[in-house]
Number of protein chains: 2
Amino acid sequence: MVVKEQAVVKEGLRGGQGHVVLYPILSAEELMGHATMYARVVIPPHCSIGWHQHVGNTEPYYILKGEGVFTDNDGTKTVVHAGDICKIRCGESHAIANESEEDMEMIALVVNEGPAE
Amino acid sequence: MVVKEQAVVKEGLRGGQGHVVLYPILSAEELMGHATMYARVVIPPHCSIGWHQHVGNTEPYYILKGEGVFTDNDGTKTVVHAGDICKIRCGESHAIANESEEDMEMIALVVNEGPAE
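Only a predicted model underlies this, so the values are computations on that prediction, with no experimental measurement involved. (Residues numbered from 1 in each chain as written. Chains lettered and ligands numbered in written order. Predicted model: local features only at pLDDT ≥ 70, side-chain atom pairs only at ≥ 80, totals over all residues. Heavy atoms only, no water.)

**Some remarks on the nonpolar core**
Okay, step 1: Membership of the largest hydrophobic core comes to 22 residues, with the highest contact counts inside it found for Tyr38(A), Ile107(A), Leu109(A), Tyr38(B), Ile107(B) and Leu109(B).
Okay, step 2: Those elements giving two or more residues to this core turn out to be β3 (19–26), β4 (35–43), β7 (61–65) and β12 (104–112) of chain A together with β3 (19–26), β4 (35–43), β7 (61–65) and β12 (104–112) of chain B.
Okay, step 3: In contact with Leu109(A), other than residues within four places in its own chain, are Ala35(A), Met37(A), Tyr38(A), Thr58(A), Glu59(A), Pro60(A), Leu31(B), Tyr38(B) and Leu109(B). (Core = buried A, V, L, I, M, F, W, Y, C linked by side-chain atoms within 4.5 Å. Buried < 20%, exposed > 50% of the residue type's maximum accessible area, 1.4 Å probe, protein only. Helix = DSSP H or I, 4+ residues; strand = E, 2+ residues; numbered from the N terminus. Contact = heavy atoms within 4.5 Å.)

What follows is the structure, encoded as structure tokens:
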């Protein structure tokens with residue numbers, strides 16, 4: 001089955017600035033308890049996803065387009081571009097911001113730590 | 001931790017024509033038994049991933065760029081573009097081909113059906 005992605009706008013995601021636009025790829029139900037979120041994420045200029053912790057799961061960000069500032073668990077900030085993979089371990093925290101004048105895009109996947117729920 | 005993606009060339013993937021280039025996002029180990037493959041996939045012009053079945057897992061293709069011809073479980077062929085999500089149920093089969101003159105890109109994720117392995 002081929003379906004078109006659908007935009008979902010989220011304001012202040014995880015306490016971030018402005019809004020981000022999610023384009024879900026699979027629903028939580030379709031992820032069958034193995035993951036809880038799988039989506040393309042567009043972060044407009046000067047918008048961000050706030051600092052948040054992943055207890056019982058992890059969430060790699062895979063950068064598709066534009067420039068982001070990734071904040072890692074230890075507070076380190078790294079400027080990231082297409083082809084960069086921002087990984088955290090289960091239990092760690094992260095954030096990402098678009099401080100540029102162009103949209104930034106990434107794929108986000110929240111993978112559970114334990115057995116399928 | 002931020003890491004750069006690394007290309008892995010696969011010839012005749014699933015019996016397909018030519019080659020495809022995989023850019024793994026997480027390893028099977030990092031997917032913790034919930035999924036077995038998560039990668040950006042570049043399919044060059046006139047190359048393809050052959051028809052194959054997913055027993056015990058599913059594999060949505062999320063199209064990022066270019067034009068592909070997706071073959072669904074019932075043999076139906078659909079021309080797909082950026083933003084299209086090609087879904088199959090666990091146990092079903094699929095294939096995808098790039099019949100155009102430009103690269104086609106997608107994200108592939110193989111999600112397990114049962115509990116984490």
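**Comments concerning the pairing of strand β8 (residues 68–71) of chain A**
All names here are of chain A.
Okay, step 1: Alternating residues of β8 divide into Gly68 and Phe70 and Val69 and Thr71, and every residue in both groups is buried.
Okay, step 2: Across four bridges, the pairing between β8 and strand β9 (residues 77–80) is antiparallel. By the bridge assignment for β9, Gly68 is matched with Val80.
Okay, step 3: Here β8 folds back onto β9 in antiparallel fashion, the turn holding five residues, of which Gly75 has a positive phi close to 90°.
Okay, step 4: Here β8 pairs with strand β11 (residues 93–97) via three bridges, running antiparallel. Pairing of Thr71 across the sheet is with Ala95, part of β11. (Pairing = 2+ DSSP bridges.)

Keep in mind that these numbers describe shape and distance, not what the molecule does.
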